Amino acid sequence: MKKLLLIVLLSGITGILFSQTSFKESIKDYDDICFCSVGLEHPKDILDMDNNMEILFGLKNGRTLKELDRLSVKYNQSQISLLVASGLIEVKDSVFYSTVPILSKNETIELRAQTKEIAGDIIPRLQKEYELLMQTLKIKGLQRNSYSLFFALVLDGIVWDILEQKGIIKERIITKEKPFWDGVIWMIEPKRKFSCGTNSLSSGNFLISVNWSNNSSVSVSSYKMLRKMLDDYIENGRVTNPDVFKTFEENEIFDKKGNLQIPIIKADSTDAIYSQSMSITNIIVQYLRNNIDYSKVLANYPNIEKGHAITILYHEIMWDILNIMESTGQIRKPVAFGKPDEIKPGDLKDLMFIVED
């Protein structure tokens, strides 16, 4: 069924969002989400410099610098130059525009009503494959990893890879033309009560991923040391580095002999976890490709690339999938996310896995 009503996604972007007296105070209510590769600087780090975020919001609908002055937004030429050079604002005929989509509260509420409906339409389509994956994880004794594998491996992992491979969204590549970052960043209000993401490090043909959430008090204490752990495993088949032992021993990522205690998945058809994850991925990608009329979205916000619109939409859809499946008892948050009073350092291992390509 075509979701033609998705014209609400960005239809109000050109409207007036803030009054001159209130927009500065409203910025703190927004969540910033970035789907990007980072080169010289993460876009959020740039926006956090000085009052660059105020400048960005002040230029949401396009203003000359004189008009920005009337909003009492302070700036200097170096700030404007950096924001232009990093692709966060652009200038046309002396009018400066934010290139970052900013979705107001009303727009977001309407958008999430649509993405929740889409998620509800997707879930029955992947139900059989999801149940097979859960059975496989149970057989392998990986039930405690099921949430993070479904989210970080499938929804927030392979789906994005396939979308890029099929050219549905652009690959994020740092180039001379885009040395700072590449991808899409957007601002959205209100913030979700719960959301999570994935941090990954690669070495050779191996990728180690960590499912994280701001709701959790257990996290990786050192990603530098995590990379050393991955390199150590690749070279020796187990952890031997004393510094790695000292850093992560309490997290129970490996046993006393250095044998890893987190899922290690081979990215081919011989691995049941990966094969079943791919089946779920293909259902989702096919839906995103064929069941949503993105031309309606683009017609109301012509300056955003189709791939970026898909990215914004799918970010909301994947969290809605989790919310719906949790509400029906099909999936349960790991202790690290769902039971803050019971969290132990060892719960970190439930959020991690390695994929060998």
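Described below are features of the structure shown in this document. (Residues numbered from 1 in each chain as written. Predicted model: local features only at pLDDT ≥ 70, side-chain atom pairs only at ≥ 80, totals over all residues. Heavy atoms only, no water.)

Here we take up the overall build of the chain. The helix and strand inventory of the chain stands at 13 helices and 9 strands. Computed over the C-alpha atoms, the radius of gyration of the chain is 22 Å, within 12% of the 21 Å expected from 2.2 N^0.38 for a compact globule of 357 residues. With the principal axes as the frame, the chain shows a C-alpha extent of 65 × 50 × 40 Å. Sorting the 357 residues of the chain into buried and exposed places 51% on the buried side. Long-range contacts, defined as pairs at least 24 residues apart, comprise 74% of the intrachain contacts of the chain with a sequence gap of at least 6. Carbon and sulfur atoms provide 47% of the accessible area of the chain, an area that totals close to 17200 Å². Each charge class in the chain can be summarised by its mean position, and for the 43 positive and 47 negative side chains these summaries are 3 Å apart. (Helix = DSSP H or I, 4+ residues; strand = E, 2+ residues; numbered from the N terminus. Rg over C-alpha atoms; globule rule 2.2 N^0.38 Å. Buried < 20%, exposed > 50% of the residue type's maximum accessible area, 1.4 Å probe, protein only. Contact = heavy atoms within 4.5 Å. Areas by Shrake-Rupley, 256 points an atom, 1.4 Å probe, with all protein chains shown as cover. Lys, Arg positive; Asp, Glu negative; His and termini not counted. Charge placed at Lys NZ, Arg CZ, Asp CG, Glu CD.)

Packing of helix H6 (residues 105–139) against helix H10 (residues 272–290) leaves a shortest axis separation of 9 Å and a crossing angle of 175 degrees. As the angle between them shows, H6 and H10 are arranged roughly antiparallel. For the pair H6 and H10, contact is made by Ile118, Asp121, Ile122, Arg125, Leu126, Glu129, Tyr130, Leu132, Leu133, Thr136 and Leu137 and by Ala272, Ile273, Gln276, Ser277, Ser279, Ile280, Ile283, Ile284 and Tyr287, respectively. Residues belonging to the contact of H6 with H10 are distributed by class as follows: 13 nonpolar, 4 polar and 3 charged. (Axes fitted to C-alpha atoms, helices over the stretch in contact; angles between N-to-C directions. Parallel < 35°, antiparallel > 145°, perpendicular 65-115°, else oblique. Nonpolar A, V, L, I, M, F, W, Y, C, P; charged D, E, K, R; others polar.)

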